[in-house]
Amino acid sequence: MAVKEKPMAQEVQKPGWKSIPIGGLILRGGSAEEFQTGDWRTEKPVWDGEKCTNCYLCWVYCPDMSIVLEDGKVAGVDYDHCKGCGICAAVCPPKVRAIEMVLDRE
Amino acid sequence: MGNSALNEAVKSVALTGNEAVANAMRQVHPDVVAAYPITPQTEIVQIFSTFVADGLVQTEFVPVESEHSAMSATVGASAAGARAMTATSANGLALMWEVLYIAAGLRLPIVMPVVNRALSAPINIHCDHSDTMGARDSGWIQLYSENAQEAYDNVIQAVRIAEHPEVNLPVMVMMDGFIISHGMENVYPLADEEVRKFVGERKPHYTLLDADNPITVGPLDLQDFYFEHRRQQAEAMFNADKVVKEVADEFAKLSGRQYDFFEAYQLDDAEMAIVVIGSTAGTAKYVVNELRAKGVKAGLLKIRMFRPFPAARLREALTNVPAVAVMDRADSLAACGGPLFGDLRAALYSAGKRPLMNNYIYGLGGRDVTLDHIRTVYQDLEEMLRTGEVKREINYLGVRE
Ligand code: SF4
Ligand code: SF4
């Protein structure tokens, strides 16, 4: 089967090995925010602000810092980075259950 | 030996290889040493920890629970801007494996003495080179030593090579387990101040602890940039050639001892030569002298720098030697000879004139290499010269059948 070759143009625009920092370093902090990992998920947490008692357990346990706080209060989920592990739902106290995991199909 | 014995510039001191290397480390005075003991390297860390306890160095000594952690802690310290060292042997090196590549990939100038020892199984604590030969493509510079003096000198030079801004790569310094590490020899150490001045302060470009200039170390590096970073590593290895020479020349001015990528011994007019790494070179030189006294044009080439492999220089040095025996103290188990044999043959492929070459796997698990063993190798070379044929390409020297 004939394979159509992709033009190289886009790649050429990226900097080459002579000009980028060595060792894969990024010369600033916090750049992980720009790498969106939210599309890896199969389930997503849905947070219910009515039920939430603001105990912070989900915020403490979330491995991806994806529980969003506003003015010191839990305000929802950062879906650009949440990987859908379900830890937040599991640690939310049984009497509260303010987070429910639902299939994420879009 | 007394801890302060080396504080004065002394003419010579009787030291084991391990003592010599531990003292080189004391004089280099790294900021951090994280290590785990393993025979035959144990003494290096043990002696160094005594220096720490006695206040002779201000090094942060981290006694970790495994070699994987030793290398990981060393990587962390080095990324934080510290001059960091560790040391290991054999299975300890094997346990570091994953992190060896990380140290090289992050371009951290870590210096690690490795006391060569056979890998398990069967378990064996004695010398061969299979541990570090396995790590030859991990991106570390590798310097091998013939004796305690060379191990001492190589550790000091390694710091400068590793931290050179055009290199920024980790360096392993090897010596033969027990034969060198526990054998006592006369060593001519430098004075503490001389070493401190020679190695200077580490000047990292970026460090994790520089809060005003935050950096990210070890981020994900996918299809669009990983290749470029590997290309940079390759370039650093090409640059190392020049830097290793510069550092050796500067070290010669200080110590009177001139190092090179390899040592050519009676090689200029040689009709036959052995290529060898480590302590066996001493034994083989004795046989070369013996043969020369009889008028036989025997020579020897001892490899000091195995990574990067000085291929062009070796090609030049060996192209005019009609018969060459390559001695490997490690078997690649690839059914095509040892690692040095493979690299040397590749280096000579593009030579106008190529020697007849064969390979000897020898000394595995600390098996003694005697003068008689070396004599038989030169006898084989004589026959090779006479007949113009390589009778057997891969030979196992000193093994019972
Ligand atoms: S599902 Fe996992 S990643 Fe997403 S918010 Fe909850 S704990 Fe964080
Ligand atoms: S764990 Fe549940 S109750 Fe606690 S803050 Fe999170 S969502 Fe609210």
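Residues numbered from 1 in each chain as written. Chains lettered and ligands numbered in written order. Predicted model: local features only at pLDDT ≥ 70, side-chain atom pairs only at ≥ 80, totals over all residues. Heavy atoms only, no water.

Draft legend 1. Up close: the overall build of chain A. When its secondary structure is counted, chain A shows three helices and four strands. Sorting the 106 residues of chain A into buried and exposed places 27% on the buried side. Across chain A, contacts joining residues at least 24 apart in sequence account for 63% of those joining residues at least 6 apart. With an accessible surface of roughly 8100 Å², chain A has 55% of that area assigned to carbon and sulfur atoms. (Helix = DSSP H or I, 4+ residues; strand = E, 2+ residues; numbered from the N terminus. Buried < 20%, exposed > 50% of the residue type's maximum accessible area, 1.4 Å probe, protein only. Contact = heavy atoms within 4.5 Å. Areas by Shrake-Rupley, 256 points an atom, 1.4 Å probe, with all protein chains shown as cover.)

Draft legend 2. Broad picture of the overall build of chain B. Within chain B one finds 13 helices and 15 strands. A compact globule built from 401 residues should have a C-alpha radius of gyration of about 21 Å, and chain B, at 21 Å, falls within 12% of that. Considered along the principal axes of its C-alpha atoms, chain B spans approximately 70 × 55 × 45 Å. Taken across its 401 residues, chain B has 55% of its residues classed as buried. Within chain B, counting contacts between residues at least 6 apart in sequence, those at least 24 apart form 80% of the total. Accessible surface, chain B: about 16500 Å² in total, of which carbon and sulfur atoms supply 52%. (Rg over C-alpha atoms; globule rule 2.2 N^0.38 Å.)

Draft legend 3. Layout of the packing of helix H1 (residues 17-28) of chain B against helix H7 (residues 148-163) of chain B. Residue and element names in this part refer to chain B. Interaxial distance between H1 and H7 falls to 8 Å at its minimum, and their mutual angle equals 25°. As the angle between them shows, H1 and H7 are arranged roughly parallel. The interaxial crossing formed by H1 with H7 has right-handed handedness. Every residue of H7 that contacts H1 at Gly17, Ala20, Val21, Ala24, Gln27 and Val28 is listed here: Ala148, Ala151, Tyr152, Val155, Ile156 and Val159. (Axes fitted to C-alpha atoms, helices over the stretch in contact; angles between N-to-C directions. Parallel < 35°, antiparallel > 145°, perpendicular 65-115°, else oblique. Left-handed = near helix turned anticlockwise from the far one by under 90°.)

Draft legend 4. Structural detail: the site of ligand 2. Taken together, the neighbourhood of ligand 2 is formed by 14 residues, with A:Cys52, A:Cys55, A:Tyr56, A:Cys58 and A:Cys92 sitting nearest. Looking at the shell around ligand 2, its residues break down into 12 nonpolar, two polar and no charged. (Near = heavy atom within 4 Å. Nonpolar A, V, L, I, M, F, W, Y, C, P; charged D, E, K, R; others polar.)

Draft legend 5. Layout of the packing of aromatic side chains. Overall, the coordinates contain seven aromatic pairs over all chains when judged by the stated rule. Three or more aromatic residues joined by ring pairs make a cluster, and in this case those are B:Phe48, B:Phe51 and B:Phe61. Here the guanidinium or amino end of B:Arg231 rests over the ring plane of A:Trp17, the centre of that ring lying 4.1 Å away. Positioned above the aromatic ring of B:Tyr265 is the side chain of B:Lys285, whose terminal nitrogen or guanidinium carbon lies 5.6 Å from the ring centre. (Phe/Tyr/Trp six-rings, centres within 6.5 Å; stacked < 30°, edge-to-face > 60°. Lys NZ or Arg CZ within 6 Å of the ring centre and 35° of its normal.)

Draft legend 6. Spatial organisation of the interface of chain B and chain A. Every contact between the two is made by 19 residues of chain B and, on the other side, 17 residues of chain A. Across the chain B/chain A interface, buried area totals approximately 1600 Å², and carbon plus sulfur atoms make up 68% of it. Sorting the residues of chain B by area buried against chain A places B:Thr216, B:Phe225 and B:Gln232 first, and these three jointly supply 30% of that buried surface. Where chain B packs against chain A, one counts one salt bridge. Among the salt bridges present, the one from A:Lys14 reaches B:Asp224, with a minimum N-O distance of 3.1 Å. Here chain B and chain A share eight residue pairs in polar contact (both at pLDDT 80 or more) between them. Counting residues per element, the side of chain B that touches chain A draws most heavily on helix H9 (residues 226-255) of chain B, which supplies five residues. Here the side of chain B that touches chain A is composed, by residue class, of nine nonpolar, five polar and five charged. (Buried area = accessible area lost by both parts, 1.4 Å probe. Salt bridge = Lys/Arg side-chain N within 4 Å of Asp/Glu carboxyl O. Polar contact = N/O pair within 3.5 Å; in protein donor to acceptor, adjacent residues only side chain to side chain.)

Draft legend 7. Quick peek at a nonpolar patch on the surface. Residue and element names in this part refer to chain A. Among the surface-exposed residues, Tyr56, Leu57, Trp59, Val60, Tyr61, Leu69 and Ile87 lie close enough to one another that they form a single nonpolar patch of about 610 Å² accessible area. Counting residues per element, the nonpolar patch draws most heavily on helix H2 (residues 57-61), at four residues. Within the fold, Leu57 resides in helix H2. (Patch = residues over 30% accessible without salt bridge, like charges linked within 9 Å, V, L, I, M, F, W, Y side chains within 5 Å.)

Draft legend 8. Looking closely at helix H13 (residues 371-387) of chain B. Residue and element names in this part refer to chain B. Here H13 is 17 residues long and its end C-alpha atoms lie 24 Å apart, about the 24 Å a rise of 1.5 Å per residue gives. Taken residue by residue, H13 has His373, Ile374, Val377, Tyr378, Leu381 and Met384 as its buried positions. Buried residues of H13, viewed axially, fall in a sector of 140°; they line one side. Contact partners of the buried residues in H13: strand S10 (272-277), helix H10 (280-293), strand S11 (298-303), strand S13 (323-328), strand S14 (356-362) and strand S15 (394-397). Taken from the residues just after H13, Gly388 is the one with a positive phi, measuring 70°. (Expected span 1.5 Å × (residues − 1). Arc of directions from axis to C-beta.)

Draft legend 9. View of the domain arrangement of chain B. Residue and element names in this part refer to chain B. In terms of domains, chain B is made up of domain 1 (3-255) and domain 2 (262-397). Domain 1 and domain 2 are separated by 28 Å when their C-alpha centres are compared. Listed by partner, the interface residues are 27 residues for domain 1 and 23 residues for domain 2. For the pairing of domain 1 and domain 2, the buried interface totals around 2100 Å² over both sides, and the portion due to carbon and sulfur atoms is 54%. Its salt-bridge partner being Lys302, residue Glu150 comes within 2.6 Å of it at the nearest N-O pair. (Domains from an automatic or database assignment.)

Draft legend 10. The arrangement of the pairing of S10(B) in detail. Residues and elements named next belong to chain B. With six of six residues buried, S10 is to be regarded as a mostly interior element. The side-chain alternation of S10 yields two buried faces, one formed by Met272, Ile274 and Val276 and the other by Ala273, Val275 and Ile277. Here S10 pairs with S11 via six bridges, running parallel. The partner of Ile274 across the bridge, within S11, is Leu300. Viewed along the sheet, the connection from S10 through H10 into S11 turns out right-handed. Where S10 and S13 come together, four bridges link them in parallel fashion. Bridged to Val275 within S13 is Val326. (Pairing = 2+ DSSP bridges. Right-handed = clockwise from strand over helix to strand, strands pointing away.)

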